[in-house]
Amino acid sequence: MKRISFLICVVSCFFLYSRTQAQLKPAFSFSLKEAQDYAYANNYDLKNSAYDVEIAKKMVKQNTAIGLPQIDAGIDYIDYLAVPVMILPDELAQMFQVKTISFTEEYNATIRAKLTQLIYSGQYLVGLQTAKAFLETAKQKMVKDKMDVRDLVSEAYIGLLIVEESTKILDSTYSTVNQMLEDGKATLKQGLIEDIDVDQMELNRSNLEATITNTKSQRLIAYNYLKFLLGIKENQEIKLTDDLTFFLNNVNKEVLINQQFDVDRNIDYTILKKQEYLTLMQYKLAKTAYQPTLAGFISAQENAQRGDWTFFDAYPWYKTVNWGLSLSIPIWSSGSRKYSVDQARLSVEKMKVLDEKTKVQLQLQVETSKKDFTNSFLIFYNKKKGLDIAGKIYEKTFSKYRQGVSSSTDLNQKYSQFLTSEADYILSLNDLLRNTIHLQKLLEKV
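Keep in mind the model is a prediction, meaning the values are calculated, not measured.

Thresholds applied
Here, residues in each chain are numbered from 1, in the same order as that chain's written sequence. The predicted origin of the model limits local features to residues at a pLDDT of at least 70 and limits the giving and counting of side-chain atom pairs to 80 or more, whereas totals for whole chains, interfaces and linings rest on all residues. Values shown for side chains rest on all heavy atoms present in the structure; no hydrogens or waters enter the calculation. Burial classes follow relative accessibility: with a 1.4 Å probe on protein chains only, a residue under 20% of its type's maximum area counts as buried, one over 50% as exposed, and anything between as partly exposed. Secondary structure elements follow DSSP: runs of H or I no shorter than four residues count as helices, runs of E no shorter than two count as strands, and numbering proceeds from the N terminus. Strand pairing requires that DSSP identify at least two bridges connecting the strands. Nonpolar cores were defined as sets of buried Ala, Val, Leu, Ile, Met, Phe, Trp, Tyr and Cys residues, with membership established by side-chain atoms within 4.5 Å. Should any heavy atoms of two residues lie within 4.5 Å, those residues are considered in contact. Salt bridges are defined by distance alone: a side-chain nitrogen of Lys or Arg within 4 Å of a carboxyl oxygen of Asp or Glu. Here an angle of 0 to 180 degrees is reported between the N-to-C directions of two axes, which are lines fitted to C-alpha atoms, with helices fitted over the stretch in contact. Patch members must show over 30% relative accessible area and no salt bridge, and they are joined within 9 Å when carrying like charges or within 5 Å when they are nonpolar side chains of Val, Leu, Ile, Met, Phe, Trp or Tyr. In this description, accessible areas are obtained by the Shrake-Rupley approach with a 1.4 Å probe, and a residue is regarded as covered only by the protein chains that are shown. Under the convention used throughout, the expected extent of a helix is 1.5 Å for every residue step, that is, one less than its residue count. Polar contacts, as counted here, are pairs of nitrogen or oxygen atoms within 3.5 Å of one another; within protein the pair requires one atom able to donate a hydrogen and one able to accept it, and residues that are adjacent in sequence qualify only if both atoms are side-chain atoms. Working definition: rings of Phe, Tyr and Trp (its six-membered ring) pair if their centres are within 6.5 Å, and the pair is stacked with planes under 30 degrees apart, edge-to-face with planes over 60 apart, and tilted otherwise.

Trainee: When you look at the pairing of strand β8 (residues 318-328) in this model, what are you seeing that I'm missing?
Mentor: Side chains on a regular strand alternate between the two faces of the sheet. A small share of β8 lies buried, amounting to one of its 11 residues. Two elements, strand β7 (residues 293-306) and β8, share 11 bridges in a ladder whose sense is antiparallel. In the sheet register, Thr293 faces β8, and the bridge partner there is Ser328.

See the structure below:
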């Protein structure tokens, strides 16, 4: 009995262990490059972009098939509940001794098949070119979507690292503030400081705790957002292997500032050129409405008529085979085709204006982005230096305060100064890295 109980216990433990292991998902470790590559395969928007390309491919095949042979077949069956008759003229009626005659049997069946081939159609030719251009546009759009996701992942990756860096600084500051409070309480017992000083220290710690709580909440939001961009499920964890030093080391001010902007190879402009071509194809397509359409066909059918329902017996089926050509010539549409062409032509003119506007706009964006990058670069190193100085000032003031040389008022001022410097440093770091990503994307050649 004891052996059975022992076996049941072992099996139960193994079952519980297996379930626990099944619920634990292995953590993903990502460098920035690995995170971007993972997003290329799993990001929700990129999956839809891939489907858009496949849809465009099918559209090209669909339009191509319109100009290939088409075969249709069918079966018609008619059962006359009342057979139609013809009234004979009086002379024939007297001759045949009947007033009416029918040339139709009660049961009728027809089997038919028809092959058609489009020989010439301007709309078909231009439509096929348009479909191919749409495919190229879809492919180019997917390139842009990949670039957008790549940069979004970069920003989210950096954003998470910045929040974690901010958390580390706040935790370190909290240790100092907490120690200062404990020392203050001890000093208060000795009667060397007033209780208002201790109250101020407790207020500082309380405010810092609130800031830490808020920062940790921001960290969770940034963490989940990065997972969303990567297409990672909610119950899976991720770890980042690159740090902020890695990103700062890759910021090359001279290269970015001196790099020339090539508008013709900018992703937004190349997509616009694809859209211009599509608009031009729509204009050409509208003009083909004036052109004739020529098609050929060959048709075959067999007919049978029965007085009794004996279609599967050896009664004859009568065959008919013919072929021919069909030419459709547009002559007069009361101005409908003309106005359609006019609208398409005006759309082409609009695209020309948009082309010029986009060139100027992109050039201004590059110039503005370079200025923003330069300013953020200088501000960051200024704020970094300021944080180091504020930290040293705060540490020295804290040391003097513990020695009784510095007042609590002075210490609180230096503490506030340090927190402000820390917030400015984090903000400037975020601005620098984001402006770097934005400028790199504008200057990137495709």
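Trainee: It is not clear to me how the nonpolar core should be interpreted in this structure. Could you clarify?
Mentor: Note that soluble globular proteins tend to have their nonpolar side chains buried in a common cluster. By size, the foremost hydrophobic cluster in this structure holds 62 residues, and its most contacted members are Val153, Leu226, Leu230, Leu429 and Leu433. Setting aside residues up to four positions removed in sequence, Leu226 forms contacts with Val153, Ala156, Tyr157, Leu160, Ile238 and Leu240. One finds Val60, Ala131, Leu135 and Ala138 within the second-largest nonpolar core, a separate group that totals six residues.

Trainee: Which parts of the structure should I look at to understand the pattern of salt bridges?
Mentor: As a working rule, side chains carrying opposite charge can pair if their charged atoms are close by. Counted according to the given criterion, the structure contains 20 salt bridges. A salt bridge links Asp148 to Lys144; the shortest N-O distance between them is 3.6 Å. Taken together, the residues span about one helical turn, with Asp148 and Lys144 both in helix α5 (residues 122-189) at a distance of four residues. Accessibility expressed as a relative area gives 21% for Asp148, which makes it partly exposed. Between Asp410 and Lys414 there is a salt bridge, with its nearest N and O atoms 2.6 Å apart. Of this pair, Asp410 and Lys414 are both found in helix α11 (residues 408-443), four residues apart, which corresponds to roughly one turn of the helix. Owing to a relative accessible area of 25%, Asp410 belongs among the partly exposed residues under this scheme. When salt bridges with common partners are traced through the structure, they connect Lys144, Asp148, Asp268 and Lys441 into a single cluster.

Trainee: Where do I start with the sheet that holds β7 in this structure?
Mentor: The strands that make up a sheet pair up through hydrogen bonds in the backbone, lying either parallel or antiparallel. Taken together, four strands build an open sheet; the order of strands is β2-β5-β7-β8 and the sheet is antiparallel. Each edge of the sheet is formed by a strand with only one pairing partner; in this case those strands are β2 (70-79) and β8. Sheet twist, expressed as the mean angle between neighbouring strand axes with direction ignored, is 20 degrees.

Trainee: Looking at this structure, how should I read a nonpolar patch on the surface?
Mentor: Taken together, the side chains of Ile71, Leu115, Ile119, Tyr120, Leu125, Ile298, Val321, Trp323 and Leu325 make up a nonpolar region of the molecular surface, amounting to roughly 940 Å² of accessible area. Elements supplying a minimum of two residues to the nonpolar patch: β5 (107-121) and β8. Mapped onto the secondary structure, Leu115 falls in strand β5. By relative accessible area, Leu115 is classed as partly exposed at 32%.

Trainee: Just to check I follow, could you spell out helix α9 (residues 267-287) for this structure?
Mentor: Two residues of an α-helix separated by three or four positions point the same way, owing to the 3.6 residues in each turn. Look at α9: 31 Å from first C-alpha to last across 21 residues, which is about the 30 Å you get at 1.5 Å a residue. Inspection of α9 places Ile267, Tyr269, Thr270, Ile271, Leu272, Glu276, Leu278, Thr279, Met281, Tyr283 and Ala286 among the buried residues, and these make up the whole buried set. Packing partners of the buried residues in α9 comprise α5 and α10 (336-402). Structurally, the start of α9 carries an N-cap: the backbone nitrogen of Asp268 is 2.9 Å from a side-chain oxygen of Asn266.

Trainee: Would you take a moment to explain the side chain of Thr110 for this structure?
Mentor: Its location among the elements puts Thr110 in strand β5. When its relative accessible area of 16% is taken as the criterion, Thr110 is described as buried. Within polar-contact distance, the side chain of Thr110 engages the side chain of Asn303 at 2.7 Å. With sequence-adjacent residues up to four places away left out, Thr110 is seen in contact with Gly74, Ile75, Asp76, Gln301, Glu302 and Asn303.

Trainee: Could you clarify how one ought to interpret the packing of aromatic side chains in this entry?
Mentor: Any pair of aromatic rings gets described here by the distance separating the centres and the angle formed by the planes. Tallying each qualifying case throughout the model produces 13 aromatic pairs. Ring plane angle 40 degrees and centroid distance 5.6 Å describe the contact between Tyr44 and Phe228, whose orientation is recorded as tilted. Within this pair, whereas Tyr44 is found in helix α3 (residues 44-66), its partner Phe228 is found in helix α6 (residues 195-230), the two being separated by 184 residues in sequence. Their ring planes at 55 degrees and their centres at 5.0 Å tell us that Phe377 and Tyr381 sit as a pair that is tilted. Here Phe377 pairs with Tyr381, and both are found in helix α10, just four residues apart, close to one helical turn. For Tyr381, a relative accessible area of 41% puts it in the partly exposed group. A network of ring pairs unites the aromatic residues Phe373, Phe377, Phe380, Tyr381 and Tyr425 as a single cluster.

Trainee: Honestly, the environment of Thr293 in this entry has me stumped. Any pointers?
Mentor: Residue placement: Thr293 occurs in strand β7. The exposure class of Thr293 is partly exposed, given its relative accessible area of 26%. Distance from Thr293 to Leu327, taken between C-alpha atoms, is 5.7 Å for residues 34 residues apart in sequence. For Thr293, the contacting residues outside a window of four places in its chain are Leu118, Tyr120, Ser121, Ser326, Leu327 and Ser328.

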